[in-house]
Amino acid sequence: MDRIRIVGGNTLNGSIPISGAKNAALPLMIAGLLTDEKLVLENVPRLADVSLLQRILGNHGIDITVAGKRRGDDAYAGQTLEIDARVIVDTTAPYELVSKMRASFWVIGPLLARMGEAKVSLPGGCAIGTRPVDLHIAALEALGTEIEIDGGYVLARAPKGLKGGRIVFPKVTVGATHTALMAASLADGETTIENAACEPEIVDVADCINAMGGRIEGAGTPTIRIVGVPRLRGARHSVLPDRIETGTYAMAVAMTGGDVLLSGARADLLDSALDTLREAGAEITVSNEGLRVRRNGAGLAPVEVTTAPFPGFPTDLQAQLMALTTMASGTSRITETIFENRFMHVQELARLGAHIQLDGETATIEGVERLKGAPVMATDLRASVSLVIGALAAEGESMIHRVYHLDRGFERLEEKLSACGAEIERIAG
Ligand code: EPZ
């Protein structure tokens, strides 16, 4: 298994290109199932999760071709995927595949909408929390689906097609909002989703479905209205930039000091995280090219943050912020409200010398003057990258194990960071 070796202490200076958003690319690929025409997705990041979803969709009979590079494309240009779901040969998503990537459960909405049935494995356990799928199921039931749970599978049937309905989510859920949007787009009649997730990735998927001939209004607000259409057509759509990758590198620069342009980043996708970074002492400026993050000399100030659905502080940046606060001059407090077990990085950051105390959903971080390199590992993607951030600022060498977590969500992380002066290398094997 690959490892990443980091010798900390260098500041970061230069430019980091921001890739397309993983959490938009995955549902957009799944939205390709909604049409029998070709959906072309541009700016798709090169990530293990994208390749895995390609294989999973292949299992349903979907052809996905990756277009070659075009003249003028730079090394980090995203890939273009052509998704052809003309023929769906199998409406079952088996346990072996869904358990490898939870988001593949989301095929349930489009399979049902197009084929009138779907048999999708329950995703099973997860490192960051229990993550049930009850709200996906409730949304589909509100659209007239008959649901049966049997042998670890959700059997969903709508033999006469889906009917528009009213979906009121008791809590904000990104995944179930995607499921509801996709299913309702091909339902008969009008659907209203209340307390919908407002995440930018929802807006991106809604924009794509609208380009396919869908009629969705209000995406990005808590109330979404969808008028179902009998069929959707092909389209071309470019994936929006990854706000979590953006926030992660912004935190890395705030941690090490330096001056980095995050090219292609969109500030409006992460206002709340940028406010927190400014409070911690980073200087952030926005231009047409992207975001410039600087911190020179001055120490880091402590912060108090509670994760929340968009536009609040994202849970997907919680671990990275915690790494940052380990060296702040004072006491920070971070409360995680989205996932109950998303603190696996705490013990690993402690191995680098961090002082963190956990009490239920709140972590209290006593800033220390220095961190010291150590071997570390993590059990999920964002926790792993928080260790990279810690290691970049720690004295001496750190070895990050289980790099496959990083590969799920960060395209060529070590190349992007070493181009800005970090001493970081991947060791194969
Ligand atoms: C998406 O997961 C993201 N994944 C996650 O990113 C992200 O952390 C999360 O949204 C929150 O922003 C993708 O986009 C692929 P939710 P999702 O449904 O949709 C509960 C990363 O690192 N819930 O918004 O699965 C759930 O347990 C990942 O890139 C139910 O109770 O998250 C959680 O407490 C990890 N029942 C809360 O809602 C349900 O049926 C929010 O989860 C569904 C969710």
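Look up: the structure comes first, before these words.
Analysis parameters
- Residues numbered from 1 in each chain as written.
- Predicted model: local features only at pLDDT ≥ 70, side-chain atom pairs only at ≥ 80, totals over all residues.
- Heavy atoms only, no water.
- Helix = DSSP H or I, 4+ residues; strand = E, 2+ residues; numbered from the N terminus.
- Buried < 20%, exposed > 50% of the residue type's maximum accessible area, 1.4 Å probe, protein only.
- Contact = heavy atoms within 4.5 Å.
- Near = heavy atom within 4 Å.
- Polar contact = N/O pair within 3.5 Å; in protein donor to acceptor, adjacent residues only side chain to side chain.
- Areas by Shrake-Rupley, 256 points an atom, 1.4 Å probe, with all protein chains shown as cover.
- Pairing = 2+ DSSP bridges.
- Axes fitted to C-alpha atoms, helices over the stretch in contact; angles between N-to-C directions.
- Expected span 1.5 Å × (residues − 1).
- Core = buried A, V, L, I, M, F, W, Y, C linked by side-chain atoms within 4.5 Å.
- Disulfide = S-S within 2.5 Å.
- Right-handed = clockwise from strand over helix to strand, strands pointing away.
- Phe/Tyr/Trp six-rings, centres within 6.5 Å; stacked < 30°, edge-to-face > 60°.
- Lys NZ or Arg CZ within 6 Å of the ring centre and 35° of its normal.

A. Looking closely at the side chain of threonine 325. Within the element layout of this structure, threonine 325 appears in helix 10 (residues 318-325). Take threonine 325: its relative accessible area is 2%, and that puts it in the buried class. In this view, threonine 325 contacts Val303, Ser332, Ile334, Ile365 and Gly367; residues no more than four positions away in its chain are not counted.

B. Seen up close, unusual backbone geometry. Here phenylalanine 310 and proline 311 are connected by a cis peptide whose omega angle stands at 10°. As for its placement among the helices and strands, proline 311 is situated in the loop between strand 18 (304-306) and helix 10. The phi dihedral of asparagine 195 falls on the positive side, at around 60°, and the residue is not glycine. You can see asparagine 195 is positioned in the loop between strand 11 (190-194) and helix 7 (200-211). Accessibility expressed as a relative area gives 29% for asparagine 195, which makes it partly exposed. Positive phi, normally seen in glycine, also occurs at arginine 412, with a value near 45°.

C. Representation of the site of the ligand. Around the ligand lies a shell of 23 residues, among which Asp134, Val174, Asp316, Ile338 and Arg382 are the nearest. Between the ligand and proline 132, the relevant distance is 3.2 Å, taken from an oxygen atom to a main-chain nitrogen or oxygen of the residue. In this structure, an oxygen atom belonging to the ligand sits 2.7 Å away from a main-chain N or O atom of valine 174. Against a free-state accessible area of 830 Å², the protein chains account for coverage of 89% of the ligand. Only helix 1 (22-31), helix 5 (134-142), helix 6 (174-185) and helix 12 (381-393) provide two or more residues apiece to the shell around the ligand.

D. Region of the structure containing the sheet that holds strand 19 (residues 331-335). The sheet built from four strands is open, its strands ordered 18-19-21-20 with mixed pairing. Two strands lie at the open edges of the sheet, namely strand 18 and strand 20 (355-359), each paired on one side alone. For this sheet, the mean inter-axis angle between neighbouring strands, taken without regard to orientation, is 15°. Its contacts with the sheet place helix 10 against strand 18, strand 19, strand 20 and strand 21 (362-366), and it is angled at close to 170° to strand 19.

E. Spatial organisation of helix 12. Taking 1.5 Å per residue as the helical rise, helix 12 with its 13 residues ought to reach 18 Å, and the 19 Å between its terminal C-alpha atoms agrees with that figure. Burial runs high along helix 12: 13 of the 13 residues are buried. The N-capping residue of helix 12, defined by a side-chain oxygen 3.2 Å from the backbone nitrogen of arginine 382, is aspartate 380.

F. View of the nonpolar core. One finds Met29, Leu33 and Leu34 to be the most contacted residues of the largest nonpolar core, which totals 77 residues. When residues of this core are assigned to their parent elements, the largest contribution, seven residues, is made by helix 1. The residues touching leucine 34, leaving out its near neighbours within four places in the chain, are Pro110, Ala113, Arg114, Met182, Leu186, Ile209, Met212 and Leu232. Counting 69 residues, the second-largest nonpolar core is a separate cluster that includes Leu291, Val293, Phe343 and Ala383.

G. Representation of the state of the cysteines in the model. Within this structure, the stated rule accounts for zero disulfides. Residue cysteine 198 stays outside any disulfide, its sulfur separated by 19 Å from that of cysteine 208, the closest cysteine.

H. Structural context of the pairing of strand 19. Judged from the three bridges that link them, strand 18 and strand 19 form a sheet pairing that is parallel. The residue bridging threonine 306 from the neighbouring strand is threonine 335, located in strand 19. Read from strand 18 through helix 10 to strand 19, the crossover connection turns out right-handed. Here five bridges tie strand 19 to strand 21, and the two strands are oriented antiparallel to one another. In the strand pairing of strand 21, isoleucine 334 is matched with alanine 363.

I. Spotlight on the pairing of strand 3 (residues 38-44). Here strand 3 lies mainly inside the structure; five of its seven residues are buried. Bridge analysis of strand 3 against strand 5 (residues 79-84) gives five bridges, and the strand direction is antiparallel. Bridge assignment links lysine 38 to a residue of strand 5, and that residue is aspartate 84.

J. Structural context of the sheet that holds strand 13 (residues 223-227). Overall, mixed pairing links the four strands, which are arranged 10-11-13-12 in an open sheet. The open sheet has two edge strands with one neighbour each: strand 10 (166-168) and strand 12 (215-217). Strand after strand, the sheet turns through a mean of 15° between neighbouring axes, direction not considered. Two strands pair when backbone bridges link them, and strand 11 and strand 13 are joined in this way by five bridges, in the antiparallel orientation. If you follow threonine 192 over to strand 13, its bridge partner there is arginine 225.

K. Quick look at the side chain of glutamate 42. Here glutamate 42 lies in strand 3. A polar contact of 2.3 Å, which involves the side chain of glutamate 42, links it to the side chain of arginine 236. Leaving out residues up to four positions away in the same chain, glutamate 42 has contacts with Gln79, Thr80, Arg236, His237, Ser238 and Val239.

L. Quick look at the packing of aromatic side chains. Across all of its chains, the model carries zero aromatic pairs by this definition. For lysine 119, the ring lying beneath its charged end belongs to tyrosine 153, and the centroid distance is 4.9 Å.

Shape descriptors only; they carry no functional weight alone.
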